[in-house]
Amino acid sequence: MKKILISFILILFALSSFGQVKPLWLRYTAISPDGKTILFSYNGDIYSVPSSGGTAIPLTLSDDYEYCPVWSHDGKSIAFASDRYGNFDIFVMPSTGGEAKRLTYHSANETPWSFTADNKAVLFSACRQDVAANAQFPTPAMSELYSVPVAGGRVSQVLTSPALDVSVNSTGDKIMYDDVKGYENLWRKHHTSSEAHDVWLYDLKAKTFTQLTQFAGEDRNAVFTSDGNDFYYLSEQNGSFNVFKSSLNNPTAPVALTSFTK
């Protein structure tokens, strides 16, 4: 019996050591507004680590799956998706850790993208309920964009069309996002087709849409600069995914900032 117990302890120690030596599959990274902290998802939980390096601290620890953390613009809160009640709902919690507050209660899966400029609401995608006039085929691949108050309350629809990786400008009157034209796999690389993603701008006051990228392949993950006049994004137009900088005033002349080929 003693030998069996010792063997069991050694096996547990070996498995624990292996998991600590090579923590793979770190995903959904999000850097804080001050650039000092990085959030990421690992093994169904959300961790925080200094951007300078150091020990990663878990912000969530449960048997459920939490992912896709996003920062509030003041760095005090984070939003994330969790399936602790069955499907993926939107939750918020202090960025330093603490109790998580549930914001949505719909049966559809929901993905957070950003806080509004005033940090009073969270923008998220879901396939909940579209307007009757929309000719879009009803499928989870074609979600809509919604907003839910951080304090809790009624969900509002922002866009009836799919909008992924949403970025909000500092004044809160414009958003940038990746469009969705079809059912192409998000992780397929180096394809050029009519379904490839482009970056769009939506003016919340004027209610107008502007296409910002024209490359026949993948353009995605756009973020505003601090002044809101320029933006950075990823594109495959010169090889692998590289970082480009462009201007809202002249989006047809982007400048490549990196040159990775693989």
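A quick note: this is a predicted structure, and the numbers were derived from the prediction, not measured. (Residues numbered from 1 in each chain as written. Predicted model: local features only at pLDDT ≥ 70, side-chain atom pairs only at ≥ 80, totals over all residues. Heavy atoms only, no water.)

A. Quick peek at the pairing of strand β12 (residues 156–159). By the bridge criterion, three bridges tie strand β11 (residues 144–149) to β12 in an arrangement that is antiparallel. Within β12, the residue paired with S147 across the bridge is S156. Adjacent in sequence and paired antiparallel, β11 and β12 are bridged by six residues, among which G152 carries a positive phi angle near 95°. (Pairing = 2+ DSSP bridges. Helix = DSSP H or I, 4+ residues; strand = E, 2+ residues; numbered from the N terminus.)

B. The arrangement of the side chain of D45 in detail. Looking at the element boundaries, D45 is found in strand β3 (residues 45–50). No salt bridge is formed by the buried D45; the nearest opposite charge belongs to R84, separated by 6.8 Å. Of note is the side chain of D45, whose polar atom sits 3.1 Å from the side chain of T60. Within the structure, D45 has its side chain in polar contact with the backbone nitrogen of S62 (distance 3.3 Å). Sequence-distant contacts of D45, defined by excluding residues within four places in its chain, comprise F40, T60, L61, S62 and E66. (Buried < 20%, exposed > 50% of the residue type's maximum accessible area, 1.4 Å probe, protein only. Lys, Arg positive; Asp, Glu negative; His and termini not counted. Salt bridge = Lys/Arg side-chain N within 4 Å of Asp/Glu carboxyl O. Polar contact = N/O pair within 3.5 Å; in protein donor to acceptor, adjacent residues only side chain to side chain. Contact = heavy atoms within 4.5 Å.)

C. Main features of the pattern of salt bridges. One pass over the full model with this rule turns up eight salt bridges. Residue K174 pairs with D173 through a salt bridge whose shortest N-O separation is 3.6 Å. One salt bridge connects D179 with K181, and the closest N-O pair in it is separated by 2.9 Å. Here the salt bridges share partners, and the residues they tie into one network are D173, K174 and D203.

D. View of the sheet that holds strand β7 (residues 87–94). Strand order in the open sheet made by the four strands is β5-β6-β7-β8, with antiparallel pairing throughout. Among the strands making up the open sheet, the edge pair consists of β5 (66–71) and β8 (101–102). Here seven bridges tie strand β6 (residues 77–85) to β7, and the two strands are oriented antiparallel to one another. From the neighbouring strand, A81 faces β7, where its bridge partner is I90.

E. Focus on unusual backbone geometry. In this model, C68 sits at a positive phi of 60°, which is unusual for a non-glycine residue. Note that C68 resides in strand β5. At H190, a position not held by glycine, the phi torsion is positive, near 65°. In this structure, H190 sits in the loop between β14 (174–178) and β15 (199–203).

F. Spotlight on the sheet that holds strand β16 (residues 208–211). One open sheet holds the four strands; their spatial order is β13-β14-β15-β16, and the pairing between them is antiparallel. Bordering the open sheet on either side are β13 (164–168) and β16, each of which pairs with just one other strand. Taken pair by pair, the neighbouring strands of this sheet meet at an average axis angle of 25°, ignoring direction. Here β13 pairs with β14 via three bridges, running antiparallel. Each bridged residue has a counterpart across the sheet, and for V168 the counterpart in β14 is I175. (Axes fitted to C-alpha atoms, helices over the stretch in contact; angles between N-to-C directions.)

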